[in-house]
Amino acid sequence: MKVTLNTVTKNDEFEGSYKLAIKADEIVINAADEAGIFYALQSLASLYLVNSNILPVGEVIDAPHYQFRGVLVKQMLLAHAKYGTTAMLPTLITDTVEVMHQAADVIADAIALQTPGIIGIHFEGPHLSVAKKGAHSADYIRPISEQEWQVLSRQDLGKVVVTVAPENVLPSDIAKMREVGIHVCLGHTNASFAQAQRAVGAGATGFTHLYNAMSPLQGREPGVVGCALLNDDTYCGLIVDGHNVDYAACQLALKAKPMGRVFLVTDAMPPVGTNDTEFAFFDRTVTLDNGKLTSTTGELAGSALDMATAVRNTVTHLKQPLAQALNMASLYPAQYLQLPATHGRLIPGSPADFVQLNTQQQVISTWIGGAQVC
């Protein structure tokens, strides 16, 4: 059942907050109690959620779990809903084509079952650069083939984002991805500025976790970062955790890009929402120390960031107004994915997905489809 908002009234007591009515039942969010004043704000979306605290990457849907079909991705959403996430693209990083097929099947089932909050999938690889692989396994990085096209061309996966290295795929491949409805991002790439520009010209519209695992901006070679900052029509995902990207670099990106073209991503890994301090990752171990995830092979391995913290960091460290930080976690990613205009904002007719925060910007409750999920 689709539940939408009937009325939305701006609440001037708190920036970016609203009073809502769902059907005939008014949801009063600005009532005070001992926990403080609550406010309703637009819901948050996680575009690049590497995985959840349910399963490690590489075991997204191995044989024992596949029988559950849409259930595990629902658990992924619920695990992050307590941090304000109401919509996500579960991400499969570089892996075998068999695992890609399995992941696609699970997401297709979740979409078919209208699993709340699951809106598509992000394939981060396998067509990446070994030189900028980060925590990805070099054993699975490969050129695109007909086998991958069988997965990528499916039309039952909701919104599909694919991250590629433009030096390892042809512009014609990017154009073909766009033709079948894929949103193409550049990432894990050591491409030159010229190669990145050709990819944008072929249809790439985004950059996966800006600055991370991509050729840097230099005076005589602007690299992929320079391409990302120069092209006003492209979008950039940004991990605002102070570990993956320095806060000053985040501020620079916001100054360089037009408003609305930078959105928040978490790159979240299993420790989010748990007390775990390490987890298995392919043939390695990843350790959490003071908010930073590091693999035994030395590189950063995603983040321990949740979306609510990303919003707070954007306000505190990037000096952005709360309304802008919330848009970076909701409206802007919705616009990047070309979701209907009713998504990513609170207006009559929009999905009844929203987040309840206190004045410290901590999540009090999360609602998806008019139902409180946490």
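This text follows the structure it describes.
What this report covers is the structure whose coordinates are included nearby. Keep in mind the model is a prediction, meaning the values are calculated, not measured.

### Points about the sheet that holds strand 16 (residues 284-289)
So, step 1. With antiparallel pairing, three strands are arranged side by side in an open sheet as 15-16-17. The two strands at the open ends of the sheet, each matched to only one other strand, are strand 15 (278-281) and strand 17 (292-295). Between one strand and the next, the sheet's axes are offset by a mean angle of 25°, whatever the strand orientation.
So, step 2. Bridge count between strand 15 and strand 16: four bridges; the pairing is antiparallel. When the bridges of strand 16 are listed, F281 appears paired with R284.

### What about the pattern of salt bridges?
So, step 1. One pass over the structure, following the stated rule, counts three salt bridges.
So, step 2. Of the charged contacts, one joins E148 and R142 as a salt bridge, the two residues approaching to 2.7 Å between their closest N and O atoms.
So, step 3. Look at E148 and you get buried, because its relative accessible area is 1%.
So, step 4. Among the ionic pairs, D156 bridges to R154, the shortest N-O distance being 2.9 Å.
So, step 5. Overlapping salt bridges bring together D105, R154 and D156 as one network.

### Structural notes on the environment of V130
So, step 1. Its place among the elements puts V130 in the loop between strand 9 (120-124) and helix 4 (146-152).
So, step 2. Separated by 35 residues in sequence, V130 and A165 place their C-alpha atoms 9.6 Å apart.
So, step 3. Setting aside anything within four residues of it in sequence, one finds V130 in contact with A138 and I141.

Calculation criteria
- Sequence order as written defines the numbering, with residues in each chain counted from 1.
- Only residues with pLDDT of 70 or above have their local features reported here, since the model is predicted, and side-chain atom pairs are shown and tallied only from 80 upward, although totals for entire chains, interfaces and linings are computed over all residues.
- Note that water and hydrogens are dropped before the side-chain values are worked out from all heavy atoms of the structure.
- What makes two strands pair is DSSP finding at least two bridges between them.
- Numbering of helices and strands runs from the N terminus; a helix is a DSSP stretch of H or I covering at least four residues, while a strand is a stretch of E covering at least two.
- Lines fitted to C-alpha atoms define the axes here, with helix axes fitted over just the stretch in contact, and angles between the N-to-C directions of these axes take values from 0 to 180 degrees.
- When a carboxyl oxygen of Asp or Glu is within 4 Å of a side-chain nitrogen of Lys or Arg, the pair counts as a salt bridge.
- Only protein chains enter the accessibility calculation, which uses a 1.4 Å probe. A residue is then buried if its area is under 20% of the maximum for its type, exposed if over 50%, and partly exposed in between.
- The contact criterion used is simple: two residues touch if any of their non-hydrogen atoms lie within 4.5 Å.

Just distances and angles here, no functional claims.
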